[in-house]
Amino acid sequence: MKVGPGGRILIGMLAGVGLGAVLGERVAAVQPLGDLFITLLILAAAPLVFFNLLAGLTSLRDLRTLGRLAGKTVGFFLTTEIVALSLGLGAMALLRPGVGLRLTETVTETETVSGAVGEAPSVGAVLLDMIPTNVVRAFAEGNVVQIVILALMLGIATMALGDGPRARLATLFEDLAGLFRRLVHMVLWVAPVGIGALVAVTVGRYGTDLIGPTARFLAGVWGAQIVIVTGYMLLLRFFSDYRPARFLRATGSLWATTAATTSSLASLSVGLETAGRLDLPRRVYSFVLPLGAQLNKDGTSVMLAAVLLFTAQAAGVTFSPADFVTILLLGMLLSHGTGGVPGGGFVVALIYVQALNLPIEVAAIVGGIYRLVDMSNTTVNIMGDMVGAALVARSEAGRA
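Residues numbered from 1 in each chain as written. Predicted model: local features only at pLDDT ≥ 70, side-chain atom pairs only at ≥ 80, totals over all residues. Heavy atoms only, no water.

1. Concerning the overall build of the protein
Right, so step 1: Helix and strand content of the protein: 19 helices and 0 strands.
Right, so step 2: Taking all 400 residues of the protein together, 52% fall into the buried category.
Right, so step 3: Counting contacts in the protein only where the partners sit at least 6 residues apart, residues at least 24 apart contribute 85% of the total.
Right, so step 4: Surface summary for the protein: the accessible area is close to 17,400 Å², and the carbon and sulfur share equals 67%. (Helix = DSSP H or I, 4+ residues; strand = E, 2+ residues; numbered from the N terminus. Buried < 20%, exposed > 50% of the residue type's maximum accessible area, 1.4 Å probe, protein only. Contact = heavy atoms within 4.5 Å. Areas by Shrake-Rupley, 256 points an atom, 1.4 Å probe, with all protein chains shown as cover.)

2. Observations concerning a nonpolar patch on the surface
Right, so step 1: Among the surface-exposed residues, Leu-19, Val-22 and Leu-23 lie close enough to one another that they form a single nonpolar patch of about 240 Å² accessible area.
Right, so step 2: Residue placement: Val-22 occurs in helix α1 (residues 5-23).
Right, so step 3: Relative accessible area serves as the criterion here: at 63%, Val-22 is assigned to the exposed category. (Patch = residues over 30% accessible without salt bridge, like charges linked within 9 Å, V, L, I, M, F, W, Y side chains within 5 Å. Salt bridge = Lys/Arg side-chain N within 4 Å of Asp/Glu carboxyl O.)

3. Considering the pattern of salt bridges
Right, so step 1: As enumerated under the stated definition, the model contains 6 salt bridges in all.
Right, so step 2: The partner of Arg-277 in a salt bridge is Glu-273, and the shortest N-O contact between them spans 3.3 Å. Residue Arg-277 and its partner Glu-273 are located together in helix α13 (residues 264-277), separated by 4 residues, close to a single helical turn.
Right, so step 3: A relative accessible area of 13% places Glu-273 in the buried class.
Right, so step 4: In the salt-bridge network here, residues are joined through shared partners; they are Arg-68, Lys-72, Arg-283 and Glu-396.

4. Here we look at the side chain of Ser-301
Right, so step 1: Assignment of secondary structure puts Ser-301 in helix α15 (residues 298-315).
Right, so step 2: Overall, the relative accessible area of 0% leaves Ser-301 in the buried class.
Right, so step 3: From its side chain, Ser-301 meets the backbone oxygen of Lys-297 in a polar contact 2.7 Å long.
Right, so step 4: Setting aside its immediate chain neighbours within four residues, Ser-301 contacts Glu-81, Ala-84, Leu-85 and Ser-335. (Polar contact = N/O pair within 3.5 Å; in protein donor to acceptor, adjacent residues only side chain to side chain.)

5. Considering the environment of Arg-283
Right, so step 1: Within the secondary structure layout, Arg-283 lies in helix α14 (residues 282-295).
Right, so step 2: Sequence spacing of Arg-283 and Asn-52 is 231 residues, and the spatial spacing of their C-alpha atoms is 8.8 Å.

6. Considering helix α10 (residues 213-239)
Given 3.6 residues per helical turn, the α-helix brings residues three or four places apart onto the same face.
Right, so step 1: Taking 1.5 Å as the rise per residue, α10 with 27 residues should run 39 Å; its terminal C-alpha atoms sit 39 Å apart, in good agreement.
Right, so step 2: When we look at burial in α10, the residues that qualify are Thr-214, Phe-217, Leu-218, Gly-220, Val-221, Ala-224, Gln-225, Ile-228, Tyr-232, Met-233 and Leu-236.
Right, so step 3: Tucked inside the fold, the buried residues of α10 contact α3 (63-95), α11 (244-250), α15 and α19 (370-396). (Expected span 1.5 Å × (residues − 1).)

7. A word on the environment of Ala-15
Right, so step 1: By the element assignment, Ala-15 lies in helix α1.
Right, so step 2: Accessibility expressed as a relative area gives 49% for Ala-15, which makes it partly exposed.
Right, so step 3: Distance in space between the C-alpha atoms of Ala-15 and Val-199 is 8.8 Å, their sequence separation being 184 residues.

8. Here we look at unusual backbone geometry
Right, so step 1: Phi angles above zero are rare outside glycine, and Arg-96 is one such case at about 50°.
Right, so step 2: Mapped onto the fold, Arg-96 is located in the loop between α3 and α4 (103-106).
Right, so step 3: The phi dihedral of Asn-357 is positive, around 60°, even though this residue is not glycine.
Right, so step 4: Secondary-structure assignment places Asn-357 in the loop between α17 (344-355) and α18 (360-363).
Right, so step 5: The exposure class of Asn-357 is exposed, given its relative accessible area of 72%.

9. Comments concerning the packing of aromatic side chains
Right, so step 1: Applying the stated criterion across every chain yields a total of 7 aromatic pairs.
Right, so step 2: Ring centres 6.4 Å apart and planes at 45° place the aromatic pair Phe-247 and Trp-255 in the tilted group.
Right, so step 3: Its relative accessible area of 1% is what places Phe-247 among the buried residues.
Right, so step 4: On the basis of relative accessible area, Trp-255 is assigned to the buried category, the value being 12%.
Right, so step 5: Through a chain of ring-to-ring contacts, the aromatic side chains of Phe-50, Phe-51, Phe-139 and Phe-180 assemble into a single cluster.
Right, so step 6: If you follow Arg-237 out to its NZ or CZ, it ends over the ring of Phe-238, 5.3 Å from the centre. (Phe/Tyr/Trp six-rings, centres within 6.5 Å; stacked < 30°, edge-to-face > 60°. Lys NZ or Arg CZ within 6 Å of the ring centre and 35° of its normal.)

10. Details of helix α12 (residues 252-261)
Right, so step 1: Of all 10 residues making up α12, 9 are buried, and the element is well covered by its neighbours.
Right, so step 2: Buried within α12 we find Ser-253, Leu-254, Trp-255, Ala-256, Thr-257, Thr-258, Ala-259, Ala-260 and Thr-261.
Right, so step 3: Looking one or two residues past α12, Thr-262 carries a phi angle of roughly 50°, positive in sign.

11. With respect to the packing of α3 against helix α16 (residues 321-335)
Right, so step 1: Orientation of α3 relative to α16, taken along the N-to-C sense of each, is 120°, at an axis distance of 10 Å. On the basis of the axis angle, α3 is oblique to α16. In this structure, the crossing between α3 and α16 has a hand that is right-handed. Residues Leu-78, Glu-81, Ile-82, Leu-85, Ser-86 and Leu-89 of α3 lie in contact with α16, whose contacting residues are Phe-324, Ile-327, Leu-328, Gly-331, Met-332 and Ser-335. (Axes fitted to C-alpha atoms, helices over the stretch in contact; angles between N-to-C directions. Parallel < 35°, antiparallel > 145°, perpendicular 65-115°, else oblique. Left-handed = near helix turned anticlockwise from the far one by under 90°.)

These figures come from the coordinates and say nothing about function on their own.
Here is the structure:
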């Protein structure tokens, strides 16, 4: 019986669980195998996003179609993000993991944060940072939003060319996109080993950390994110061409990648390849998925709101109804700056707590289990992108 890619990855994950359970923290020796897998995916991500998006844009007839796609995509992302932040706050208000936390006994030297961790960016700074000042740097740093902006500008310029040059460039972009999709396909052959190593390290490291307040915190975050995933499945059921069971089966290897790598950027490579196998229109998913990698952070938004209220509860701080408006707006702004790399969301969580004058030493407690939080963050983030692409594709059916 032939085992498909999803089956091989599942075998790798199960082997990793067993290895981590047996060796405990000694299993850290296999970490380089997992890191190599993440590095290879990130290597392919930037050029794949760039040429896939250009290939999709050159298939559009006019700028009106592009504007329609952008409006639907951003509208979906902003709506779900507000819901995610609200769910994160609600879960912490219900479980109250920070209430009664004794700071002097809980915050150890390794969990203390000294100095400022950064500051909340202004809207203007966020917008300016979206424009690439150096093309090479944008690719070197894997800055997805800058790569998307550059591709959009070149795509629009290509649409303004005559039929001859436009057709030649469209063929070139399509061929280059196919080349990098093939590279991702090659990388996925080593996915069982890379993902297995990452799972083994996670199991070996966190076997004893799920105790007390952190366990209730983790339960609250995961519970809120399960509600979001349930909402995604309902949207697929009633407003797309996909049924939840079929969608989850077809995308199984993607969720294994998101949970193991905890990197939206690394997972984006697999997401684009998966969208092609789902027969989503290229002009839709090549636009929605890269944009979602930067703008859609539903899983991260749950975590940010949860860390904030957890810290406030431990510090004995209460918020007024008016404060929650500020909390939601600042959370939406900060969630877009997490960078799509492992651990990026935790730094932003500390900035979020600091911006509201709460003790970041309390928030640092979450750092001990952040890898477990980040696994679900990344999975929900990417799932929101894929669901958004499916919904936009349905709404665009029959349009040129």
